[in-house]
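Coordinate analysis (summary)
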Amino acid sequence: MFLKHKILCTTLLAVFGLGLSATAHAADAQCEVDRTVNFGGMNWESNLVLVDVQRTILEKGYGCKTETLPTETLPALAALERGDLDINTEIWLNSVGEPWAKAEKTGKVKRVADLYTGGEAWFIPKYVAEKFPDLKSAADLPKYKEEFADPEDPSKGRFYGCPAGWGCEVVSTNLYKALKLDKDFTLYSPGTGAAQKAALTSAYKRKQNIVFYYWYPTPLVGSLDLVKLELPAYDKEKQACLTDPDCADPQPSAYPDNPVFTALNTEFSEKAPKLTEFFSNVSVPLPVMDKTLAHMEETGDDSRDVADWFLKNQGEVWEKWVSPEVAAKVKESL
C-alpha cells in the first residue's frame, strides 16, 4: 500500500512538474504586449540590419508580432514620444543632441542601451588629396571651389551633405554656415541615403573630385580609400548648438565620437519589462559591426538575409543579450 502511494505521488509530481514546465515555456513564448511591436525604420545599413536582428529575436524568441515603420531621424524621435513607435534601434546622439535632450525631459522616451561608438567626418577621396596636397582642411575648400563645380551652378562648388530629413542634416547645415561656405559652395542634400551612396560611389568610380559628409561604420567608408578633412578643434558648447535646428550663431567644431544607442517609448518599456531587459543588453563590438556591413557590401544581400547571417555567425555576441531558452528558440528557427 505504501509502495502504491509512493508511486502515485511520484507520478503526480512528475505530471505536475511537466505541467509547470510547459506553462513556464508557454509564458516565456508569449509576448508581453498583445499588439504589434513597432520599430522605427531608418534607411541606413547598420540600422536596417540591427532592426531585422531585433525583430527576429522578438518574433522567434519572445513570440511577438513586429513591424518596421519607415521614417527619418527627427520624425522618428517625435513618433517615439507619441507612442507611434515602440523602439528606435539606433539614435546617433551627436546628430540629435538638443532634440533628444528635450524628448528625454518629457519622460516619454527612455535610453536603454549603448550599441557602439560611431564617427562622422567630412571626406575627400585619397586621389583628390594626392591631386591637391594643400587641401588639408574644410577651411581650405573655398580656394578649390572650381575643382568641385556644382553641375547646377558651376560658379560654386558642390558639397554633398547629409540626406534630407536625417538628424545629421542639421549639423551639416550648421557647420556649412559656420565655416561660411555658402558663398562658394552649394550644400547638396540627397533625398535618401541610397541616393547619397549611389552618387558618391559613381563619382568615386569615375575619379571625379568630390567632397562630402559621411558616417561610420558603413560599407561605403570601409570600401573606399578616403581622407578626412581637418575641422576646428571639438568644443562641447559649439557642438551642442550645431545639433540644434534653431542654432542662432553656429560656430565650427569637429565631430566628436558619436555614441549610438537604443531608445524605447517609456510606456512600452513599463508594459514589457522582459523585452526592455533584452533591449538594454544589446551591444555590438565595432569590429563585429564592420564585419557585418562588409559582408552586406560583398554579397549585396538585403538586411533580412544579413540579419540571418549575423544570428548564425555571431552567436558569441547576441546570445549574451537573451536567456538560454530564448537563444535556443531563435537558433532553432534559423
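Residues numbered from 1 in each chain as written. Predicted model: local features only at pLDDT ≥ 70, side-chain atom pairs only at ≥ 80, totals over all residues. Heavy atoms only, no water.

Next up on the list: the state of the cysteines. Throughout the structure, instances matching the rule amount to 3 disulfides. Residue pairing for Cys162: its cysteine sulfur links by disulfide to Cys168, the two sulfurs lying 1.7 Å apart. Across this residue pair, the class does not change: Cys162 and Cys168 are buried. In this model Cys241 forms its disulfide with Cys247; the gap between the sulfur atoms is 1.9 Å. Measuring the twist about the S-S bond at about 105°, one finds the Cys241-Cys247 disulfide to be right-handed. Classification of Cys247 as buried rests on a relative accessible area of 11%. By sequence-ordered numbering of the bonded cysteines, the protein has its disulfides arranged as 1-2, 3-4, 5-6. (Disulfide = S-S within 2.5 Å. Buried < 20%, exposed > 50% of the residue type's maximum accessible area, 1.4 Å probe, protein only.)

The end-to-end C-alpha distance of helix H2 (residues 45–62), which contains 18 residues, comes to 25 Å, matching closely the 26 Å that a straight helix rising 1.5 Å per residue would cover. Phi for Gly63, located one or two positions after H2, is positive at around 70°. (Helix = DSSP H or I, 4+ residues; strand = E, 2+ residues; numbered from the N terminus. Expected span 1.5 Å × (residues − 1).)

What follows is about the side chain of Thr56. Among the structural elements, Thr56 can be located in helix H2. What makes Thr56 buried here is its relative accessible area of 5%. Leave out the neighbours within four places in its chain, and Thr56 touches Gly61, Arg304 and Leu311. (Contact = heavy atoms within 4.5 Å.)

Structural measurements only, silent on function.
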